[in-house]
Structure formats: structure tokens, C-alpha cells
Amino acid sequence: VATEMYLERAAVVELAAIEDHAFHKLLDTAQYGASSARRMIMYGTRVVNAMISLITAAGVLTVLHPALLPLLITMTIPSAWGALTNARRRYESFHTWVQHARAGHLISALLTEPEAAPEIRVHGVGPFLLRHYRAMSETAEEEQARLARLAARTGLIAAAWTGLATVATYATLGGLLLSGAMALSVAGTAVIAIRSGSTSLNTLVLEINTLHEEALFVGDLERLYVEAAERAIPVGGDPLPDDPREIRFENVTFAYPSDHPGDAVRRPALDDVTLTLPLGRIVALVGENGSGKTTLVKLLAGLYQPDRGRILWDGVDAARADRQRLAERIAMVAQDFKRWPFTAKVNVAVGRSSAPLTDERLAASVTEAGAEEVVEDLPRGLDTLLARNFSGGHELSGGQWQRLGIARAAYRRGHILIVDEPTAALDARAELEVFEKIRALAGNGQTVVLITHRLASVRHADLVHVLDQGRVVESGTPDELLANGGVYAELYALQANQFTAKPPVRKAG
Ligand SMILES: Nc1ncnc2c1ncn2[C@@H]1O[C@H](COP(=O)(O)OP(=O)(O)OP(=O)(O)O)[C@@H](O)[C@H]1O
Ligand SMILES: [Mg+2]
């Protein structure tokens, strides 16, 4: 249950939280909390057990002679102190090194995963990664050695102290015996009681100590629950208009949270952006790499919130709107859309997993995306597993994946379709086909927000916004922009020239 709660909460926090390294660290440490919680029950029982036997032994000792009980306690305090000190240190070290451990796992996973395998072999990345792995293991080992040295020192102090206390205890017992204050039979019983008492006291200390160590991890889990609740996507909010006419960005500024506060202030990814996205049309976003196109559509989809400015859906501020409902309306083929390691069918139907899966809807979306051939070529059609490192798994080519990604967005049937570089991996024929379909969708009143570097495909857009370094530099219909001779016209001419330019004349012979 604890693990499920952990996963449930992690899945609903804001994207910014998941990308935040501090939150990620908490996610890392808290994952041990669930199993710790389970083990705490076991250790709890053991603590109670040890306590019962300790009380029994202490009772016997008190009856035999009042001086014996304090001596027993003095014998056990050092090991309690030693164990607690070491547990604290281990926990602190774990916290300091958890990121390091994660990086180590990441590198070792890179060495075995199929995605990295080709470059490891062709570019010879293997030795490089191994070198890093070794260096990281060595630092981790140094830390273990440091902990071991400290533990040895603490252990030595504790053991010396216990030894002295033991000598004192038995000396007292001998003194009592010699002075005739205690009968031999009673002293014998006392020895047995001291031994059993110190054993149960030691057990008690050890178990309490383990309990304490596990509790620290459960504490992390609880901290995660609290923090995840604070950073969760808000539930509820203003309703969005049923059939809005336009979405307006008003002076929207957004910067990705900078990881290091000391770093030079970075240029915001979006800088005072004001633009309109009329609904029921094709709106294209163009601009050079890193100009902020993907960031803009992520804000549109509610994945990030603007630092300044507003995003208005016909006057309703998206920041106060019901985020769940907002997401309901959006279908997205992200630039780095997820290739789910499931069957082809699931890869399409996850577009709306809340709706019952029907064959008609599935077939319609596959057709809409022009992915029929992709599916036909699969050994088991839509039921083919698309995870090649599992038995029966199959791998698609980049373009084939892209078509499935488009089919997924079509399956979702959102009011606003965001397509970020939908054709980057498509062949020329497929590209034309996909744009044809996108145009048809817009004809049916579907809003399409299209991001592409293929400016020829932008010609059919109703409105084009040109971004440059996070700012909107031009807006208008493709023809207007061409006539204006700005950035768009320049990029357009660059691409067009590639086709019209004459190939260099080769000298014969
Ligand atoms: N998750 C992120 N965290 C931090 N910075 C980011 C993140 N994503 C993008 N950026 C930065 O924001 C800026 C805009 O990136 P964005 O992805 O919006 O560009 P783009 O116009 O989509 O580019 P491309 O054409 O290459 O896809 C870039 O400078 C990039 O480095
Ligand atoms: Mg992008």
C-alpha cells in the first residue's frame, strides 16, 4: 500500500517537480520507505520481546541485590551509544551519496541497454564508461572505508567501556560474596541473571537501533507524501469555456528553473510572448532550434505555468482553470513522445486509456495517421509487443514509431491537437500524407498547433508565429510573411534554394 501511495503521488506532481533534482533525490530516498515500514513491524515485535526478557532479568537482579541493576545498565549503555552513532552516520552518508549511487547505476545500465549498444560498439564508448564506473566505485568504496574506520573507532570505545563495566560488575559480585553479604547460590543466580539481562539489553538496543534506522527512511517517505501533496497538480478550478474561439498568450514569460542559483541568469525560454491561437484552425509555430516552440506548447498544455503573464482561453485564465479538464482537451504528439514498451494496440489506445477500447476507434485512428501499413507489417498486427528486449518483442523504425505516435494523438480525439515535429522522421511521401491528414482534421473544425522545420508544409497554415530566442518576431499568414521578407521569408528561401540551386558542374574526364 505504501509503495502504491508513493507511485500514485509521484504521478500527479507538476512536471517542474519531476524535473527538479531536489525532488528527484527525495523520490530516490523515499522509495525505501515502504519496505522499511514493513520491516519496522518485525523489529517492533522484537523490541517488545527483548523488553519482556529484560524486565524479567532486571526483576530477578533487584530482588537479589539493589546494586546489581545499575551495574547491568552501565554495561549496556556503551553498545547502545555505539550502535546509534553508527546508524546515524550510515543514514547521513546514504543521503549524501544517494545521487552518486544513482549516477553509478545509470552508467552501469548504459553499458547493458540496447539503445546505447550501437554507439558503445562503433564509437568505442565502452572503455570510457567503464573508466567512469570504476572511478565512481572507487569513491563509493572510499566512503565505505571511511564509515568502517569510524565504526571501528566507535566500536573500540564502546567495547572498552563495556569491558570496564563488566569487570566492575563481577568485582562487585565477588566483593559481596567474599564479605559474606551474598550467599554463593545467590551469586550464581545473579551471574545467570546478569548474563541473560545483558543479552536482552543488547538485543533491545540493537533492535531499537534498527527500528530507528528504518524509521528515518519511513520519515523520508512521509516527507515525500507531504512535498508531493504540496507540488501536486491542483485539482478543480474555473471551468473552461465549452467552445472557446481563441487562446491568447498575454506577455507570457517563462524560464526553466535554473539548477544552480549561482549561475549567470539564463535567458528565459519564453520572453514576453503575446500571441493568439484561433481555434478550429491550423496555427504553425516556426523558428530556429531552441527558440522556444516546444516550451510554448508545453505551457499551452498546462505542463508548466508562466512566470509572468497569462494564457487566456476566451478570457478565462488557464492558471486558475481546472487542469484536468484542460488536459482532457489536448492531444499531443510531443517531439520526444513516449515509445511505450507495450503492444502496438496499447501504444495507440494509451491516447485515452480512460475510454473503453473499441476496434472501430482504434482502426479509425490508425487510418488517420496513415499507419495501416506499419500495423500490417507487424508479425502479430496490433497485438505485437513493441519492446525488443522481451521475448516476442519487435522494434519499429523511427518513422514507423512516429506514425504510431500520431495515431495515438488521433485516438485521443482532443479539441486541440499539438504536433511537435510530426514528420521529422517520415519519408517524403509519408510526410505529404500526414500533412494532408492534418489539413483534413482542421477542415473538421479541429484545432491544430503545428511545429515544424519543413516550411513547405507550413504553407497551408492559417496563421504562422515565428519565434526567435523566446520572442515572437513575426505573425501572419504564410503569404504575408513571405511578402514581408523577415525571418520566415529568409528561412523559407534557404530551404527552397536547396532544391532549386543547380548542382555544381562536374568537369568531364
Ligand atoms: N526541460 C528543460 N529544462 C531546462 N531548459 C530547457 C528544457 N527544455 C528546453 N530548455 C531550454 O529552453 C530553450 C527553448 O527550448 P525549446 O525546446 O522550447 O526550443 P524549440 O524551439 O522547441 O527547439 P527545437 O527546434 O530544437 O525543438 C532552449 O534554450 C533549451 O535549452
Ligand atoms: Mg522543440
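Residues numbered from 1 in each chain as written. Chains lettered and ligands numbered in written order. Predicted model: local features only at pLDDT ≥ 70, side-chain atom pairs only at ≥ 80, totals over all residues. Heavy atoms only, no water.

Things to note about the sheet that holds strand β4 (residues 308-313)
The strand order across the open sheet formed by four strands is β2-β1-β4-β5, and the pairing between neighbours is antiparallel. Here the strands that pair on one side only, and so sit at the sheet edges, are β2 (270-278) and β5 (316-317). Sheet topology note: the strand β1 (residues 246-254)/β4 ladder contains five bridges and is antiparallel. Its bridge partner lying in β4, Arg248 is registered against Leu312. (Pairing = 2+ DSSP bridges. Helix = DSSP H or I, 4+ residues; strand = E, 2+ residues; numbered from the N terminus.)

A closer look at empty space enclosed by the protein
By rolling a water-sized probe across the atoms, one finds the places where empty space is left. Summed over all chains, the structure comprises three cavities of 30 Å³ or more. If you add up the space inside the largest cavity, you get close to 90 Å³. What lines the largest cavity is simply Glu368, Ala369, Ile406, Ala409, Ala410, Leu417, Val419, Val434, Lys437, Ile438 and Leu441. Among the secondary structure elements, those contributing two or more residues to the lining of the largest cavity are α14 (398-412), β7 (416-420) and α15 (428-443). The greatest single-element share of the lining of the largest cavity, amounting to four residues, is contributed by α15. Residues belonging to the lining of the largest cavity are distributed by class as follows: nine nonpolar, no polar and two charged. (1 Å grid on protein atoms, 1.4 Å probe; cavity = no way out; pocket = protein on both sides within 12 Å on 5 of 7 lines; lining within 4 Å. Points joined across faces, edges and corners; volume = space filled by probe spheres on them. Nonpolar A, V, L, I, M, F, W, Y, C, P; charged D, E, K, R; others polar.)

A look at the side chain of Asp28
Structurally, Asp28 is set in helix α3 (residues 21-30). When its relative accessible area of 12% is taken as the criterion, Asp28 is described as buried. Setting aside residues up to four positions removed in sequence, Asp28 forms contacts with Val98 and Arg102. (Buried < 20%, exposed > 50% of the residue type's maximum accessible area, 1.4 Å probe, protein only. Contact = heavy atoms within 4.5 Å.)

What about the nonpolar core?
One finds Ile438, Val458, Val464 and Tyr488 to be the most contacted residues of the largest nonpolar core, which totals 44 residues. Leaving out residues up to four positions away in the same chain, Val458 has contacts with Ala284, Val286, Thr452, Val464, Pro478 and Tyr488. Ranked by size, the runner-up nonpolar core spans 30 residues in total, among them Ile247, Leu275, Leu296 and Trp313. (Core = buried A, V, L, I, M, F, W, Y, C linked by side-chain atoms within 4.5 Å.)

Section: the domain arrangement of the protein chain
According to the domain assignment, the protein chain consists of domain 1 (2-230) and domain 2 (246-500). Residue-level contacts link seven residues of domain 1 with six residues of domain 2. Note on domain 1 versus domain 2: buried area summed over both sides is about 610 Å², and carbon and sulfur give 47% of it. Ranking the residues of domain 1 by area buried against domain 2 places Glu14, Leu15 and Pro114 at the top, with a combined share of 61%. (Domains from an automatic or database assignment. Buried area = accessible area lost by both parts, 1.4 Å probe.)

Points about the site of ligand 1
Around ligand 1 sit 15 residues in total, of which Gly290, Lys293, Thr294, Thr295 and Gln335 are the nearest. The side chain of Lys293 places a nitrogen or oxygen atom 2.7 Å from an oxygen atom of ligand 1. In this structure, an oxygen atom belonging to ligand 1 sits 2.6 Å away from a side-chain N or O atom of Thr294. Burial of ligand 1 by the surrounding chains reaches 68%, relative to a free accessible area of 640 Å². The residue makeup of the shell around ligand 1, split by class, is three nonpolar, eight polar and four charged. (Near = heavy atom within 4 Å. Polar contact = N/O pair within 3.5 Å; in protein donor to acceptor, adjacent residues only side chain to side chain. Areas by Shrake-Rupley, 256 points an atom, 1.4 Å probe, with all protein chains shown as cover.)

Quick look at α14
The periodicity of an α-helix, 3.6 residues per turn, causes residues three or four positions apart to be oriented the same way. The end-to-end C-alpha separation of α14 is 21 Å, in line with the 21 Å expected for 15 residues at 1.5 Å each. By the criterion of burial, α14 is predominantly enclosed, with 13 of the 15 residues buried. (Expected span 1.5 Å × (residues − 1).)

Regarding the packing of aromatic side chains
Going through the model one piece at a time under the given rule, you end up with nine aromatic pairs. With a centroid separation of 5.1 Å and an interplanar angle of 80 degrees, the aromatic rings of Phe254 and Tyr256 are classed as edge-to-face. The buried category is assigned to Phe254, whose relative accessible area is 4%. Of the aromatic side chains, those joined through ring pairs into one cluster are Tyr32, Tyr91, Phe94 and Phe217. (Phe/Tyr/Trp six-rings, centres within 6.5 Å; stacked < 30°, edge-to-face > 60°.)

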